[in-house]
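Structure at a glance
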Amino acid sequence: MFRPRSTERRPRDTSLVWPILLIVPPVIILSVVALYSLREDHAAIDRDARRSAAALATDLARRWGARAGTELATLIASACSGGGLEAQGPTDASGAGLVPLCGLVVDGRIRVPFDYPALPSPPGWLRELTPAQARLWRLVADASPQTDLATLRRMVAPLSGAPSAVRVNAEWHVVRAEVNRDPSPRAAARLADLAKRSVGILSESGTPLSDLALLLALRHLPARELPEALLQDLRQRLVESPSFLSSALVEEAVRVAPGNTGVAGLSARWAANERALALLRHLPLDAERPAEVWLGTEQRAWVALVHPLVASDAGSAPAPRTAFQVTLVPARLIERVFQAAASERDDIPKYAAATLRLGDRTWGTRGAPSASTRPIELASARGQIDLPLAVPSDAVSTFAGELLRIAPQAITARQETPGGVVRLNGVPGGHPFTVVLELTDPDQLYASYRIRLWMAIGLILTATLAAFGGLAATWRAFERQRRLGEMKSNFVASVSHELRAPIASVRLMAESLERGTIQPGERQQEYLRVMGQECRRLSSLVGNVLDFSRIDRGRRQYTFEPADLPALLAQTVDVMRPYAAERHVNLVCAAPPGTTGMGQPRVDREALQQALVNLVDNAIKHSPSGADVVVGLEADPNASGQDAGVPARIRLFVDDHGPGIPAGEQERIFEPFYRRGSELRRETQGIGIGLSIVKHIAEAHGGRVVVRSSPGAGSRFAIELPGPTEAAS
Ligand code: ADP
């Protein structure tokens, strides 16, 4: 049968648009503003760090430059004030490598420390001998070591007219033979004497004879007895004419007199000289302005502060093309001075490290930053070390002859030659360096920022979740409202229909009776019975609606009084029997034995009957013609054993053999206005509030309504009530 329910589709409601507009954009704006201010925050931290780093770097550069200038000046003054060997002043006894070395290079030749040829070169005197002298010399030179002294002296005698170099060389042969035969301390004295007299004379093989004699003298000295005079000779040799034998001489002196402080000092200075020479030999010298060149190995690094000098010709000697003062500063000294300057500023932030760049090298104030994280440069400042000239401005050098000494005030030549002198003056300018402040620990710098970042992210997430939660809740409420609205309008349509049909039939029958067209008798009786029944249905419908309205407004009141439930049940069945008959349904009342003695629970009789009527009405409505509907009463025995005979629970049930209800809908059917099936296909009458009223009544009694059903197998609706407090007497 077609049911005139509202089926037209209403236009989609737009009431969700406003909540979305009011919630989502603010959340987006909040997030954007938060992220933007965080970015600004990050930039501000960066800016501040760079600003303070710049101030710090400038201050460090100033301090370091000044400090390095004065400290190095003092050290250089004491290390480079002398000439030759003395130029390497105080020895680095601690071995800490903290003493600078000085050098002077003129025209590409190392003048300080005094450089010497690494290999012997043939002496000039050999070429100048007359054939007769040469023959005589060969005899002496080739004499076997076994030749006796008298013979040897006789062989030497004819050479008395030869040049002094030949004579001294011949004497060397004689003395050596004498010493071989008499290796006493006297022999050492004799050799020392010869050494003094043979200064500047080379042996036939090109070795300085003086050094050879000294070496032999040292070898013949008794242990620990080094005469002061010999030490002086040795010092002079090392200062004035060092040679490739000098190292051997020093070693020998140390071997003879290991505890002698003079020897130890000499040895240390010689070692410094050698070191300076070794470094200077590797120094590329093409600078026209002060330059910084790194030399040596990583462990023993030196920086050569190369300072060009202006050479002015003070005589007729040809002017040198280039002159350089070289100050060799150990890397560790640079580092120590830098550390000291940095330690004066104890406000270097923990996230940063100060490094110094000089030439192409860098030092850090703290542990070198790990290679994996490349430090970021925060700021840098340039500075300059102004070094004094180690060679005083009035230093002079002869370049026609040999440059051998640098006196405290001047470089003087050992041999003043008529060639003249050259004056050396310093070129103004210092050695530039850079102090860099690097960001080594970004985690520390941005620690507070990170906390704010996470807080902001947390805030944004919470706000987003809250916004979406709110939207979801709004949407659900909105959907609920929409469904409720829909169901209410369906309800109004259903109620109108349910009212109109019985009223129409009652009106029709009443008019027929009024017109007298119906003959008194059985037909008339039938009309009156149907009219009565329709009116009862109408009043039950209206009762339900009114009740629902009261429940909806929370105004439904109950009056509880003891009631005889089996009687109530029988009465209800009696009320419903005509309707069952009309629907050809067999209504059975099943109150099993024992239920009569269950006592009289306190109930609202009228309400409970209304609930039962609703359940029976539904059962009849959904039963096929000829089926049974059983209305019954059950009592659950009291499990505790106390109050025997008083049931724990009373169950009023209605069984039918209708279509049943799928499990998914067994809860929803108790919602107000809910009716199963589509609006168009509903075959049963009803307005969808019956079961919600039953549920309310059951719960008002402290009980509940339950359904047990499966599609095709019928249903059982039961009102479960708590048992009466006392047993029936
Ligand atoms: P109605 O006025 O539609 O009967 P109810 O609240 O009484 O309203 O019932 C809600 C729905 O539950 C009904 O539409 C029907 O589909 C289903 N229902 C109720 N009782 C039964 C039953 N005994 N057998 C099958 N379905 C039932």
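Because the structure is predicted, anything quoted here is derived from the model rather than measured.

In the vicinity of the ligand, 18 residues are found, and the nearest of them are Asn-618, Asp-656, Arg-675, Ile-687 and Leu-691. Separating an oxygen atom of the ligand from a side-chain N or O atom of Asn-618 is a distance of 2.8 Å. In this structure, a nitrogen atom belonging to the ligand sits 2.8 Å away from a side-chain N or O atom of Asp-656. In the complex, 96% of the free accessible area of the ligand, which totals 530 Å², lies under the protein chains. Secondary structure elements with two or more residues in the shell around the ligand: helix H16 (605-622), helix H17 (690-700) and strand S20 (715-722). By residue number, the principal contributor to the shell around the ligand is H16, which donates four residues.

A word on helix H14 (residues 522-553). Between its first and last C-alpha, H14 extends 46 Å over 32 residues, near the 46 Å set by a 1.5 Å rise per residue. Lining the buried residues of H14 we find helix H13 (447-515), helix H15 (565-582), H16 and H17. Of the residues one or two after H14, Gly-554 is the one with positive phi, at around 75 degrees.

With seven of eight residues buried, strand S18 (residues 649-656) is to be regarded as a mostly interior element. In the sheet, strand S17 (residues 628-636) pairs with S18 via seven bridges, with the strands oriented antiparallel. Across the sheet, Leu-633 pairs through a bridge with Leu-652, a residue of S18. In this structure, S18 lies alongside S20, joined through eight bridges in antiparallel fashion. If you follow Asp-656 over to S20, its bridge partner there is Ser-715.

So, about the nonpolar core. Residues Trp-137, Val-326 and Leu-328 are the most contacted members of the largest nonpolar core, which totals 67 residues. Here the element with the most residues in this core is helix H5 (residues 164-181); it accounts for nine residues. Each of domain 1 (53-102 + 284-445) and domain 2 (119-267) accounts for three or more of the residues forming this core. Setting aside anything within four residues of it in sequence, one finds Trp-137 in contact with Trp-125, Leu-126, Leu-129, Leu-159, Val-166, Asn-169, Ala-170, His-173 and Glu-204. Of all hydrophobic cores here, the second largest spans 50 residues; its members include Ile-551, Leu-587, Leu-612 and Val-631.

Closest axis-to-axis distance for the helix H7 (residues 209-219)/helix H8 (residues 228-240) pair is 11 Å, and the angle between their directions is 145 degrees. As for the relative orientation of H7 and H8, their crossing is left-handed in sense. Seen from H7, the contacting residues are Ser-210, Asp-211, Leu-214 and Leu-218; seen from H8, they are Leu-230, Asp-233, Leu-234 and Arg-237. Looking at the contact of H7 with H8, its residues break down into four nonpolar, one polar and three charged.

Predicted coordinates in areas of low pLDDT are best not read in detail. Here the protein averages 81 in pLDDT, while 83% of its residues score no lower than 70. Segment residues 367-371: pLDDT under 50, and two contacts once partners within four positions in sequence are set aside and those in other chains are kept.

Before going further, it helps to spend a moment on the environment of Leu-159. Mapping Leu-159 onto the fold places it in the loop between helix H4 (149-156) and H5. A relative accessible area of 1% means that Leu-159 is categorised as buried. Between the C-alpha atoms of Leu-159 and Ala-132, which are 27 residues apart in sequence, the distance is 9.6 Å. Dropping the residues within four chain positions of it, Leu-159 is found in contact with Gln-133, Leu-136, Trp-137, Val-140, Val-166, Arg-167 and Ala-170.

Reading the values: the criteria
Residues numbered from 1 in each chain as written. Predicted model: local features only at pLDDT ≥ 70, side-chain atom pairs only at ≥ 80, totals over all residues. Heavy atoms only, no water. Near = heavy atom within 4 Å. Polar contact = N/O pair within 3.5 Å; in protein donor to acceptor, adjacent residues only side chain to side chain. Areas by Shrake-Rupley, 256 points an atom, 1.4 Å probe, with all protein chains shown as cover. Helix = DSSP H or I, 4+ residues; strand = E, 2+ residues; numbered from the N terminus. Expected span 1.5 Å × (residues − 1). Contact = heavy atoms within 4.5 Å. Buried < 20%, exposed > 50% of the residue type's maximum accessible area, 1.4 Å probe, protein only. Pairing = 2+ DSSP bridges. Core = buried A, V, L, I, M, F, W, Y, C linked by side-chain atoms within 4.5 Å. Domains from an automatic or database assignment. Axes fitted to C-alpha atoms, helices over the stretch in contact; angles between N-to-C directions. Left-handed = near helix turned anticlockwise from the far one by under 90°. Nonpolar A, V, L, I, M, F, W, Y, C, P; charged D, E, K, R; others polar. pLDDT = per-residue confidence, 0-100.

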